[in-house]
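Chains, contacts and geometry: an overview
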Amino acid sequence: MNTQINSDYVPDVLVIGGGIAGLQSALDLADQDLRVLVVERNSSIGGRMIGLSKVFPTLDCASCITTPKMSAAAHHPNIQILTNTEVQAMETRNGIHSVRLLQKPTYVNFDKCIGCRLCEYACDTEYPDPFEEGLGSVRAIAVPFTNAIPQKAVLDAEHCATCGVCARVCPTDAIEFDQQPRTLTIHTDSVIVASGFNLNAVTVKPQYNAARSSNIIPPTMMERLLAPHGPYGRVLRPSDGKIPSSVAFVQCAGSRDESIGVPYCSRVCCMYAIKQAMLLSGALPLADITIYYMDIRAFGKGYEQFFQNARAMGINFVRGKVARVDPIEDGDLRLHVETTDDAENPLQEHRHDLVVLAQGMIPAWNPAATTPVACASDGFVATPSLTDPTATSAPGIFVAGAAAGPKDIVDTIAEAGAAAMQVSRYLHEKRAAVLVGQAVHG
Amino acid sequence: MSEHNQQVQPQKNKPMQNERAADAPLRIGVYICRCGGNISDVVDVDRVAETVKLLPDVVTAKVHTFACSDPGQQTITNDILEQNLDRVVVASCTPFLHEQTFRGAVSRGGLNPYLYEHVNIREQASWAHKHDPEGATIKAIRMIAAAVGKLHHVEPLEQIKLPNHRRALVVGGGIAGMKAASELAGRGIKVLLVESSQRLGGQLNDRGRVYPTERDAKELVEELARRVRTHSNIEILMQSNVTAVSGFIGNFKVAIRTEAAGIPVTETTVGAIIMATGFRPYVPQDGEFLYRTEPGVVTMPEFLQLLRSTPDAARKLTWNGRVIRNIAFLHCVGSRQLDGVHEPPPNGRLNTYCSRTCCTTILQQALEVRHRFPSVGVFDFYRDIRTYGRGEENYYSAASRAGVTFFRYNGEEPPRVELTPRARAKEGVLSVTLNDTLTWGTELSVPVDMVVLGTGMMPGEIADLIEQMKLATGEDGFLQEVHPKLRPVEVSVNGILLAGTAQGPMNIQETLAAAGAAAVKAAAMFAREDVELNPYVAEVDLSRCCGEALCVTQCDYEGALQMVSMEVEGATVERAQVNAGLCVGCGACVAVCPNRAIDVNGWRLDQFEAMVDGIAAAIPGQECTPELVNIH
Ligand SMILES: Cc1cc2nc3c(=O)[nH]c(=O)nc-3n(C[C@H](O)[C@H](O)[C@H](O)COP(=O)(O)OP(=O)(O)OC[C@H]3O[C@@H](n4cnc5c(N)ncnc54)[C@H](O)[C@@H]3O)c2cc1C
Ligand SMILES: Cc1cc2nc3c(=O)[nH]c(=O)nc-3n(C[C@H](O)[C@H](O)[C@H](O)COP(=O)(O)OP(=O)(O)OC[C@H]3O[C@@H](n4cnc5c(N)ncnc54)[C@H](O)[C@@H]3O)c2cc1C
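Residues numbered from 1 in each chain as written. Chains lettered and ligands numbered in written order. Predicted model: local features only at pLDDT ≥ 70, side-chain atom pairs only at ≥ 80, totals over all residues. Heavy atoms only, no water.

Observations regarding the domain arrangement of chain A
Residues and elements named next belong to chain A.
- Taken domain by domain, chain A comprises domain 1 (13-104 + 181-196 + 364-432) and domain 2 (201-360).
- For domain 1 versus domain 2, the distance between C-alpha centres works out to 31 Å.
- Contacts between domain 1 and domain 2 engage 18 residues on the former and 19 residues on the latter.
- Both faces considered, domain 1 and domain 2 share a buried interface measuring about 1,600 Å² in area, 66% of it formed by carbon and sulfur atoms.
- On inspection of domain 1 and its partner domain 2, the count reaches one salt bridge.
- Two residues, Arg-267 and Asp-411, come together in a salt bridge whose shortest N-O distance is 2.9 Å. (Domains from an automatic or database assignment. Contact = heavy atoms within 4.5 Å. Buried area = accessible area lost by both parts, 1.4 Å probe. Salt bridge = Lys/Arg side-chain N within 4 Å of Asp/Glu carboxyl O.)

Some details on the domain arrangement of chain B
- In terms of domains, chain B is made up of domain 1 (28-159 + 607-630), domain 2 (167-278 + 460-531), domain 3 (282-457) and domain 4 (538-600).
- Averaged C-alpha coordinates put domain 1 of chain B and domain 2 of chain B at centres separated by 42 Å.

Some words on the packing of helix α8 (residues 300-309) of chain B against helix α9 (residues 358-372) of chain B
Residue and element names in this part refer to chain B.
- Look at α8 against α9: their axes get within 12 Å of each other, and the N-to-C directions meet at 30 degrees. Classified by the angle between their axes, α8 and α9 sit roughly parallel to one another. Every pair of crossing elements has a handedness; the one defined by α8 and α9 is left-handed. Counted together, Met-300, Phe-303, Leu-304 and Leu-307 of α8 and Thr-361, Ile-362, Gln-365, Glu-368, Val-369 and Arg-372 of α9 form the full contact between these two elements.
- In the contact of α8 with α9, the residues fall into six nonpolar, two polar and two charged. (Axes fitted to C-alpha atoms, helices over the stretch in contact; angles between N-to-C directions. Helix = DSSP H or I, 4+ residues; strand = E, 2+ residues; numbered from the N terminus. Parallel < 35°, antiparallel > 145°, perpendicular 65-115°, else oblique. Left-handed = near helix turned anticlockwise from the far one by under 90°. Nonpolar A, V, L, I, M, F, W, Y, C, P; charged D, E, K, R; others polar.)

Observations concerning the state of the cysteines
Residues and elements named next belong to chain A.
- All chains considered together, the criterion is met by one disulfide over all chains.
- Across a sulfur-sulfur distance of 2.0 Å, Cys-61 and Cys-64 are joined as a disulfide pair. Classification of the bridge connecting Cys-61 and Cys-64 rests on its S-S torsion, roughly 70 degrees, and on that basis the disulfide is right-handed. Note on accessibility: Cys-61 and Cys-64 belong to one class, buried.
- Residue Cys-269 stays outside any disulfide, its sulfur separated by 6.6 Å from that of Cys-265, the closest cysteine. (Disulfide = S-S within 2.5 Å. Buried < 20%, exposed > 50% of the residue type's maximum accessible area, 1.4 Å probe, protein only.)

Concerning the site of ligand 2
All names here are of chain B.
- By nearness alone, 33 residues border ligand 2, and Glu-195, Gln-203, Arg-207, Thr-501 and Ile-508 come closest of all.
- The backbone of Gln-203 places a nitrogen or oxygen atom 2.8 Å from an oxygen atom of ligand 2.
- The protein chains hide 91% of the 1,000 Å² of surface that ligand 2 would expose on its own.
- When residues of the shell around ligand 2 are assigned to domains, at least three fall in each of domain 2 (167-278 + 460-531) and domain 3 (282-457). (Near = heavy atom within 4 Å. Polar contact = N/O pair within 3.5 Å; in protein donor to acceptor, adjacent residues only side chain to side chain. Areas by Shrake-Rupley, 256 points an atom, 1.4 Å probe, with all protein chains shown as cover.)

Shown next, in the form of structure tokens:
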């Protein structure tokens with residue numbers, strides 16, 4: 001891994017995004033002796049997956065599956081990784097893609113930083129830890145999280161009190177308060193867009209009142225609560241640290257609804273809700289757990305069995321629409337549910353002390369604005385080819401993972417391999433054509 | 001071309017680091033992983049570290065939150081360099097996940113990667129003894145002691161290198177097989193594509209317009225068929241079957257029989273095999289939903305055929321001479337079956353899985369009926385609508401708008417298809433009866449002229465290939481990958497890859513992606529001159545072998561062990577010889593050899609003995625009580 005790269009470095013492939021899709025593509029390309037540059041805008045690679053607890057359908061711990069791929073990519077001689085770097089724009093001329101990167105200042109010289117964390121220990125300023133979904137706190141200068149790659153401290157300028165203590169304790173003089181953003185253009189023959197997804201806001205449906213209660217939480221926060229190395233090391237609800245006794249999952253809380261601009265299915269929420277429910281019932285054997293759903297979409301290999309196991313474990317599945325969530329006394333929540341399960345009592349009210357909203361998946365980045373890559377009406381990268389599902393509208397540019405629509409890890413990894421295959425075929429054919437051309441003209 | 005039974009022996013080269021004086025004590029480093037909490041919530045890892053530090057020649061024992069993370073690995077690498085370690089133990093999760101990871105870290109420290117022992121204290125200690133922290137902690141200590149014992153008896157090993165035939169066999173010429181073949185060919189790799197039928201394209205032949213593109217499947221099939229037919233790197237054998245497979249990664253010998261008369265059996269060598277044999281549509285049992293009892297009950301493929309053969313200009317949909325006025329579509333026929341609810345088929349295995357493609361196919365067809373024949377009533381009976389894929393939810397909303405009427409049943413109470421009582425028969429001879437959960441469980445009976453069974457996917461009939469290649473199948477009967485996330489297209493036999501619906505239900509896009517993923521693994525494998533295998537294979541000590549051949553009789557892997565003639569002190573004798581490519585290191589031969597003349601590298605008998613001694617030995621502060629030994 002090398003963090004100092006200049007414009008004269010010409011990779012065979014530039015991969016946008018260091019999530020599981022980007023890393024898998026990079027590894028499959030590098031194993032064919034192609035040179036790959038992975039560009040990641042966060043301060044660690046790993047994407048969404050590194051923040052998950054355990055992953056369906058096998059319930060492996062997410063770190064255990066992600067870290068080896070992160071580490072393999074970081075140590076691969078054919079892979080270079082740039083973190084804290086965002087792809088801003090791209091243009092293509094004569095088959096060469098020029099990708100403009102913005103390297104954000106980290107205020108730490110990565111060549112000097114040895115990851116000793118003395119700065120982090122010395123720093124006095126804390127802010128809510130974004131990796132822990134704001135549940136714990138992190139110092140203004142810190143290595144992003146335990147298994148982050150690279151293990152380099154990054155200073156958050158927004159929260160830094162500029163006291164200078166980090167610079168004083170740093171044994172290698174790595175702190176550089178005067179770092180400036182840097183733009184850099186990389187020229188490459190091919191690109192894979194693996195920029196992944198975001199979740200729409202928990203507040204996207206005002207009737208769910210997420211703004212009024214910290215006990216109405218995003219599913220990513222539940223992942224952190226369930227992670228064995230999570231912020232509290234156990235499941236506690238955010239408002240008062242109480243151990244929840246009745247947890248509700250509200251499905252389709254940001255998907256399958258034209259009125260909020262997300263008419264499509266987010267594809268993973270049924271399965272992660274079931275997974276979280278199972279993990280919760282392990283962590284809190286006494287808690288009641290209810291999943292309010294429209295359709296259970298357990299379509300993948302082994303997924304239906306996973307769903308049936310959850311039912312057998314006693315998790316409550318209630319088919320119906322949650323019309324409203326109201327914060328009530330003691331930090332609890334009242335759900336107004338229209339259910340078709342109970343003829344006597346179709347309009348029900350249920351009290352829970354923690355509510356997880358299955359938000360919708362939306363694109364993390366819109367390449368259509370600044371690159372030749374077109375997006376479809378759902379906002380995700382368009383894949384117009386009938387035979388090549390990872391080809392975008394632009395020749396030589398491919399797409400993998402959630403950047404091309406909501407997707408679980410299994411499907412993401414398959415697509416990442418497919419994109420890598422298409423790139424290597426594309427490069428092989430392109431270079432063979434150049435050789436033929438040279439033979440003809442020379 | 002190298003012969004398939006050629007001899008390749010693991011090379012025992014000098015270790016990467018300078019050899020220390022033979023009698024100098026070892027320097028062993030032990031690393032204990034918390035696995036976030038997966039281990040340390042049960043096992044007292046600090047106590048483990050303190051205790052194992054007292055074991056012979058252990059010079060350091062450290063605890064890490066995630067040993068597999070980069071800083072965790074870095075610690076190991078640095079310690080090797082700085083503390084001159086010459087043996088390493090990591091006690092963490094199953095070796096299946098991370099043995100390779102830590103061998104890599106050990107190599108980066110300049111140590112031979114086989115001077116490393118992996119101890120699984122997560123699955124085998126913390127998870128197995130969740131409610132007994134004390135016992136789990138002692139067990140972890142003892143397991144590490146065993147590994148330390150073994151490390152006193154290991155030598156450096158080298159990966160076995162075998163020649164690599166840069167050519168792939170693709171079995172099955174559906175879209176998965178054609179996609180994998182054309183990708184590899186485009187990458188400069190030779191491919192042999194074998195299709196058992198007369199046509200390329202598999203189940204998508206004659207499918208008509210497919211969701212979500214609404215393009216004719218023919219376009220897709222023809223485009224892929226054109227690519228495979230015109231590419232000079234691809235050789236196609238139609239109406240052909242693979243009849244024999246032997247050998248190993250880089251060097252599989254296959255025999256292929258072609259149906260047409262006069263063509264001899266093709267025997268050839270390939271480096272990798274891609275299984276793209278696809279699926280079989282589910283065919284209901286006789287009488288299941290009155291199938292084959294009532295002509296108005298048809299499967300989805302039969303219905304697709306009916307719509308396709310009905311001219312575009314037709315104003316009416318007719319079947320068996322009858323005009324269809326109402327159609328019922330039934331979801332989950334032959335999928336998501338439940339024990340005690342569904343009748344098991346003759347093989348006794350229920351299809352408990354979801355077939356992934358039926359919901360959207362049904363909605364697409366329901367819409368098509370409403371558009372082409374607006375007077376036909378369409379009723380949809382579902383459990384959950386699973387229009388999960390990109391562009392699929394639109395079919396659901398469009399179907400609702402187009403006047404398709406939905407009914408929902410619980411899996412435990414599937415709808416019944418019956419003959420309509422005479423009084424209402426003019427509304428439709430068949431009726432579908434259910435407790436409709438959309439109307440709070442009201443029992444409803446809907447008379448219709450036709451019932452379309454939304455039949456799903458079944459595993460292909462490839463028992464012979466499964467047997468030949470020693471492939472694993474899952475509970476669902478489809479081919480089973482090693483791990484859905486770590487090695488999703490690989491099987492436990494190296495060099496064999498899975499593409500498309502041979503592995504489980506998938507739609508077109510997923511099939512093409514899976515085929516690409518399989519192809520890329522083959523491409524990476526072919527990027528190397530040689531294939532490299534683990535050195536854990538049997539080795540014969542010729543000074544002890546007396547040619548009794550007990551080992552050969554015991555060996556389950558054809559060709560892995562055989563008797564060869566050789567000269568010993570002027571006489572010709574028979575001695576056992578191992579083929580490293582075929583040996584799996586199971587050790588069956590070791591157990592039967594009366595002379596201890598055969599052993600498995602990396603798992604030798606003296607190493608096992610050292611492990612047992614390590615488990616049982618007294619450790620300071622750790623009495624070796626009988627119940628302690630019982631834990632194992
Ligand atoms: C709550 C929750 C639980 C889940 N649980 C599971 C589960 O148990 N099992 C399962 O299979 N799936 C699960 N998933 C789905 C899983 O998270 C996704 O399948 C997976 O993360 C997709 O990987 P990706 O690499 O495509 O995208 P991401 O993980 O989103 O990675 C994309 C990366 O690209 C970077 N990036 C974006 N734009 C740019 C840019 N312009 N320049 C540089 N970098 C950029 C981002 O910072 C990010 O690191 C879950 C999802 C959620 C929300
Ligand atoms: C009713 C129905 C409708 C569908 N509609 C859609 C749709 O609209 N959109 C969509 O995306 N998906 C749809 N699908 C899914 C789609 O059919 C599959 O994704 C696709 O056909 C899978 O291709 P495959 O190559 O994996 O398998 P197959 O199509 O089954 O091809 C396998 C090939 O292998 C050959 N073969 C098998 N065994 C051997 C052997 N031993 N030796 C040599 N050759 C062998 C077979 O003859 C066949 O040619 C539908 C599925 C069904 C059941």
